Structure formats: structure tokens, C-alpha cells
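Architecture at a glance
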Amino acid sequence: MTANFKTKACPPFKNEALYLYFTTMLGKKQFDTVIIGAGAAGLMCAAGVGQRGRRVLLLDHAPGPGKKILISGGGHCNFTNRSVAPTHFISQNPHFCKSALSRFGSADFIKLVEKYNIPYQEKKHGQLFCKRSARDILHLLLEECRKGDVEVKNTCAVDEISHDEKREMSFTLKTNLGVFKSKSLVIATGGLSFPKIGGTDFGYRVAKQFGLNIQPTQPALVALALDARNLQMIKGLSGISANVSVSCKGTHFLESMLFTHKGLSGPAILQISNYWHPGDEITINFLPDIHLSGLIVKWQKTRPKTTLKNLIAERLTKRLAEKWLALSAENKAVNQYSQKEIEAISDRFHLWQFIPSGTSGYRLAEVTLGGVDTNELSSKTFETKRVPGLYFIGEVVDVTGWLGGYNFQWAWSSGYCAGLYA
Ligand SMILES: Cc1cc2nc3c(=O)[nH]c(=O)nc-3n(C[C@H](O)[C@H](O)[C@H](O)COP(=O)(O)OP(=O)(O)OC[C@H]3O[C@@H](n4cnc5c(N)ncnc54)[C@H](O)[C@@H]3O)c2cc1C
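Rules used in this analysis
Residues numbered from 1 in each chain as written. Predicted model: local features only at pLDDT ≥ 70, side-chain atom pairs only at ≥ 80, totals over all residues. Heavy atoms only, no water. Near = heavy atom within 4 Å. Polar contact = N/O pair within 3.5 Å; in protein donor to acceptor, adjacent residues only side chain to side chain. Areas by Shrake-Rupley, 256 points an atom, 1.4 Å probe, with all protein chains shown as cover. Helix = DSSP H or I, 4+ residues; strand = E, 2+ residues; numbered from the N terminus. Disulfide = S-S within 2.5 Å. Buried < 20%, exposed > 50% of the residue type's maximum accessible area, 1.4 Å probe, protein only. Contact = heavy atoms within 4.5 Å. Domains from an automatic or database assignment. Buried area = accessible area lost by both parts, 1.4 Å probe.

Moving on, we come to the site of the ligand. Near the ligand lie 30 residues; those nearest to it are Ala41, Asp60, Thr200, Glu395 and Phe408. Note that an oxygen atom of the ligand is positioned 3.1 Å from one of the backbone N or O atoms of Ala40. Contact between the ligand and Glu395: an oxygen atom at 2.8 Å from a main-chain N or O atom of the residue. When isolated, the ligand has an accessible area of 1,000 Å², and the protein chains bury 94% of it. Looking at the shell around the ligand, the elements with two or more residues in it are α2 (40–51), α3 (67–71) and α14 (406–419). Counting residues per element, the shell around the ligand draws most heavily on α14, at four residues.

Even without a glycine there, the phi angle at His125 is positive, about 60°. One can find His125 in the loop between β5 (120–122) and β6 (127–130). Unlike most non-glycine residues, Asp149 shows phi in positive territory, near 55°. Note that Asp149 resides in the loop between α6 (135–147) and β7 (151–153).

Let us now look at the state of the cysteines. A complete count under the given rule lists zero disulfides for this structure. In this structure Cys156 is a free cysteine whose sulfur lies 16 Å from that of Cys145, the closest cysteine sulfur available. Residue class for Cys156 comes out buried when judged on its relative accessible area of 2%. Cysteine Cys417 remains unbridged, with the sulfur of Cys45 as its closest cysteine sulfur at 9.8 Å. Judged by relative accessible area, Cys417 falls into the buried class, the value being 0%.

On to helix α7 (residues 202–209). Along α7, the residues classified as buried are Phe202, Gly203, Tyr204, Val206 and Ala207. Buried residues in α7 make contact with β1 (30–36), β8 (158–163), β10 (178–187), β11 (214–220), β19 (367–372) and β20 (390–392). Downstream of α7 by one or two residues, Gly211 has phi in the positive range, about 75°.

Turning to the domain arrangement of the chain, a few remarks are in order. Domain annotation of the chain identifies domain 1 (7–219 + 367–419) and domain 2 (223–360). Computed from C-alpha atoms alone, the centre-to-centre distance between domain 1 and domain 2 is 41 Å. Opposite the 12 residues of domain 1 that make contact, domain 2 presents 12 residues. Of all residues in domain 1, Gln218, Trp402 and Leu403 bury the most surface against domain 2, accounting for 50% of the area lost on that side.

Structure follows, in C-alpha cells:
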């Protein structure tokens, strides 16, 4: 299914190395389109190009295609979201994603999933996951590639790309598996996140080689780290989660957050990390559904002898209530607090403001923010404006989705659109 799915051209070799050697020596060297990166976007694009009757080579330096698909969503791949809108994406140009999302949206991918009878389920916020395994999505994509007669080469490292616009076969790729020539070249090598399963800066290097602008990159959908002072504040809370409202520069999310040994994680933090830049302040409201000072005044009348810690613990985990209360006041019966103390306690729970010391980095980030500047690309075809025949799709482009299936949808949408033209 993976390395050897190109069954038609596969000679009867048991030894993979021998097989690769002979397919390279005897296989085609010239293609209409070469796609680098057999991830979500590259596979989607290859299927489309191949099904248009073009000769396509899809190559990847990893030993098998779709590695991120396989580990995504805890092995169940959150492949899209019921409601996908341009507002779920971050880019220097927020309008860029509109065309691709409208031409191939979540309903189109769901149709494909249903065509393959893949069982799936909806979780919160419209997130759609495979019921069985993420393998179902990879199988779908490989099957679509097979229908398009796509040639796939794994463990293929590109050493050099050259371009001669005067020739029909204008792109030449020198790789460890030989030299390949093509009319079009699609870069679908993703971002820098999760280097252990193939994330590299390759796409950005190619963009630089062709003089394209790149928006600064940083890890995103990632845990936030805290400095020593703030770590001291959350000491003992590791493993505790809370439903919070988290905000940064006017954007906010209502989601669950997790305290860790090194800082903060959980969906609320991953979501806000897409909007955070070093030096920005984050605000957390631990009790977003209530107005604590008003509630304390009410409790002073209705439950005067109960300790404030126990009352707040009805709304928050006890350990968190205790720790946060201790930061601004001692624990006593609720009727013993002055109005000034009540205001200070209320602020403490509603307004925790801090500047993260950083993130947990590309090693653990789900995606990369920034990338190839969208001004360099056609939003319809994903072809670069400066170099005819050169395309960039998927995560390598400066479009980053929220947590919840949006990043795969971007890979499908951009891959589909480029697949119509490349
Ligand atoms: C742990 C984890 C879980 C995730 N879960 C979800 C989820 O459930 N839902 C969701 O929407 N998004 C999820 N994402 C994000 C999603 O996986 C990516 O946004 C998406 O895979 C991007 O697709 P892509 O094709 O652009 O890049 P990728 O899928 O990363 O594919 C890029 C491909 O290019 C190859 N490549 C890289 N460099 C080279 C090179 N030099 N030469 C040859 N090949 C190269 C890589 O090996 C890889 O196969 C998750 C990410 C991670 C890390």
C-alpha cells in the first residue's frame, strides 16, 4: 500500500532496495508534473493531476507516504470540520484562502470519505474523525493516486533543482534515485513541525532559490512555556485542566486548558498559540461563565459560613481553586472578606495576565505559522507569479488553520486546486 503501491511498474523483486534501483533505472525520467512531498496536500494534488491524464511523479524523502496523516488525531485523523470558513485560517492575506475553500470545501472531502465508505464520527465543534483509523484516509488518497496512475517514489531525497524556462521540460531534479525532468513542479513539503517524521525547511529553501518572499515562520498549535516565576505560581497543578477563556490581542477561545510541568497546553492554549508572537501578553479567565465578585457578595448572604475555597471549588478543580485563592488572600469564611479583597480575588481568577517565555518548539508543534508569501501565488491555481510551472501547496504556504481539522482541509483544498492546473 505504501512504498510498493505502484504495483503496475513493480518488477517481482522481494528486496525493496533492488526494486527502487531498477524502477529508477528503467522507469520514466520525464514527467508532466513532479510533486515533492507525499503528505496530505501532495497526495491530493497528485491524484488530481494524474486523473487529468498527465504523467505524474510524487516523491518523498520519507520511507512511506502520509506519515502525518497516520499519527494525526491520535491515530483517527481529524480530517476536516463541518463548518469551515476563511475566519478559521491565519495568513498575512486573510482573503487568499477563500477561493480554494469555496472550490473544494469540507462537504467535498466528506463526499469522498463517504464514497470510500469510511466510517467517521463528529466530535465537539464540528470536528470529523475516522472511526476506525487514519489509515482509511491514507488508503483513500493512495487509491485516488492509483486511479491517476501516479508514480510514487519514497526515500527519495532531492539534492538540486534547476530551471530552464526555454525548455519544455523546464525543471530538472537531481535526486539520490536519479535525475527527473518535468514541465511543472509542485512543492508540497509542509512545514517545520514534527521533524522526526519528515518536517523540513525544504519548501522555504526552494522558495528562496526562486526569489520568493517568505513570511516569518514559528511553531503553532503548540504548548506555551512559562518563566521561572510563573512556573512557581502553577507549581503542583500539573495534570489539572480547566475550561477557560484565553485571549491574545483581541482574539479569544473558550476551551479547556491543561497545566503541565513546563507551562500550559490543551486545546485553548494550542488555539491561541496561532495568534501569539514572542512578547505578546496572554490573558486567562478561569471562570468565564460567571462574575465572581457578584457571586461572592451573593454567597455572603446565602452561605456566609462556608469557606471561599470550598465555594470556588464548586466551579473549579479544588487544587486550582485553593492555589489561586492563596495567591491573593487567605482562605476564610466567605462573610469575612472586605469588598477590596473581593475585587482582588475576582481579578485574580478572571484576569491572569502573563507573557509566555516561548513555546515547546517545532518538535511538538502541530503546524508552522507563516511560510511562502501568498502574494507570490495565484489563489486560484497556486502557481507562482514569478516562475511559470512552479506551485506551492499545503502547510508550506502562509496559511495556518485552527485546531479542529482545518489544516487538513487546507491541504485538501489547495492540493485539489493545484491538481487542476499543475
Ligand atoms: C501530531 C500531529 C497531529 C495533527 N493532527 C491533525 C488533525 O487531526 N487534523 C488536522 O487538520 N491537522 C492535523 N495536523 C496538521 C496536519 O498534519 C498538517 O497541517 C498537514 O499534514 C499539512 O499537509 P502538507 O501536505 O502540507 O504537509 P505534510 O503532511 O507535512 O507532508 C509533507 C511531506 O513532505 C515530505 N518532505 C519534507 N521535506 C522533504 C524533502 N526535503 N524531500 C522530500 N520530501 C519531503 C515529508 O516527508 C511529508 O511527507 C497534525 C499535525 C501533527 C504534527
